[in-house]
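Analysis of the macromolecular model
Here is what each chain is made of, one letter per residue.
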Amino acid sequence: MDLDFNNDLEKRISDAFCVFDHHGDKLIDVREVGTVLRLLGCVPTEQEVNEVISATETEETSGVVHLTKFLPHVSQLLMERKMEPAPPEKILEAFKTLDLENKGYLTKENFGKLMMEEGEPFTQEEMDEMWPVAIDPISGHIPYELYLNQLMVYL
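An account of the accompanying structure is given in this report. One numbering rule holds for all chains: residues counted from 1, following each sequence as written. With the structure being a predicted model, the display of local features is reserved for residues of pLDDT at least 70 and the display and counting of side-chain atom pairs for 80 or more, all residues being used for whole-chain, interface and lining totals. Computation of side-chain values covers all heavy atoms of the structure but excludes hydrogens and water.

**Quick word on the nonpolar core**
Note the cut-off: The set of buried Ala, Val, Leu, Ile, Met, Phe, Trp, Tyr and Cys residues whose side-chain atoms join them within 4.5 Å is what this entry labels a nonpolar core. Each residue is assigned to one of three classes by its accessible area relative to the maximum for its type, calculated with a 1.4 Å probe on protein chains only: buried under 20%, partly exposed between the two thresholds, exposed over 50%. Secondary structure elements follow DSSP: runs of H or I no shorter than four residues count as helices, runs of E no shorter than two count as strands, and numbering proceeds from the N terminus.
Membership of the largest hydrophobic core comes to 23 residues, with the highest contact counts inside it found for Ile 13, Val 33, Leu 37, Leu 40, Val 52, Phe 70 and Val 74. For this core, the secondary structure elements donating two or more residues are helix H1 (8-19), helix H2 (33-39), helix H3 (46-56) and helix H4 (67-79). In terms of residues, this core owes the most to one element, H4, which gives six residues. Within the second largest apolar cluster, 14 residues are counted, among which are Leu 106, Met 127, Met 130 and Tyr 147.

Set out below in structure tokens:
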């Protein structure tokens, strides 16, 4: 079944979805939903990913999402600007809040503990991917303004 796209947004969503449609049947495993959303530039929480899954999972076959349900739902979320990354100013403010002594950096130990234990915790694998970019190789600390500038290149 071919789909007609009404706009560039729908085409982008479909293209991202189809990266994970390994059989060409317009179906993806629910475990890929978060990855598709992130590929689209979203920054969803696990709860938001689960909400998208609940809204788009097929009734006939549990565990999969069909493009015809995913496309309109995610189009609406993106048009409403849901799951967007936080603006750099807000991220910098958060880093400064964690920097109680106003040193301009955070220690790997303190930041790692917060990232793995507070809010929506990171996995060790996610932390291992983050460290090479976040940590200054000379001081061993996280100079958060520099790190934030590096993050903005990817957003």
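Right, picking up where we left off after that structure.
**Points about the environment of Glu 120**
The line we're drawing: Here a polar contact means two N or O atoms within 3.5 Å. Within protein one must be a hydrogen donor candidate and the other an acceptor candidate, and residues neighboring in sequence count only if both atoms are side-chain atoms.
Turning to its location among the elements, Glu 120 is positioned in the loop between helix H6 (108-117) and helix H7 (124-134). You can call Glu 120 partly exposed: its relative accessible area is 37%. A polar contact of 2.7 Å, which involves the side chain of Glu 120, links it to the backbone nitrogen of Glu 46.

**A short note on the layout of surface pockets**
Operational definition: As defined here, a cavity is a set of points on a 1 Å grid over the protein atoms alone where a 1.4 Å probe fits but cannot get out. A pocket is an open set with protein on both sides within 12 Å along at least five of seven lines, and residues line them when an atom is within 4 Å of a point. Grid points are joined across faces, edges and corners, and a volume is the space filled by probe spheres set on the points. Gly is placed with the polar residues, together with every amino acid not listed as nonpolar (Ala, Val, Leu, Ile, Met, Phe, Trp, Tyr, Cys and Pro) or charged (Asp, Glu, Lys and Arg). Where each domain begins and ends follows an automated or database-derived domain assignment.
By volume, the largest pocket amounts to about 1800 Å³. Every element with two or more residues in the lining of the largest pocket is listed here: helix H5 (88-98), H6, H7 and helix H8 (144-154). Tallied by class, the residues present in the lining of the largest pocket amount to 21 nonpolar, four polar and nine charged. When residues of the lining of the largest pocket are sorted by domain, at least three fall in each of domain 1 (2-80) and domain 2 (88-154). Its volume calculated, the second largest pocket comes out at about 160 Å³. Residues that form the lining of the second largest pocket fall into these classes: six nonpolar, one polar and four charged.

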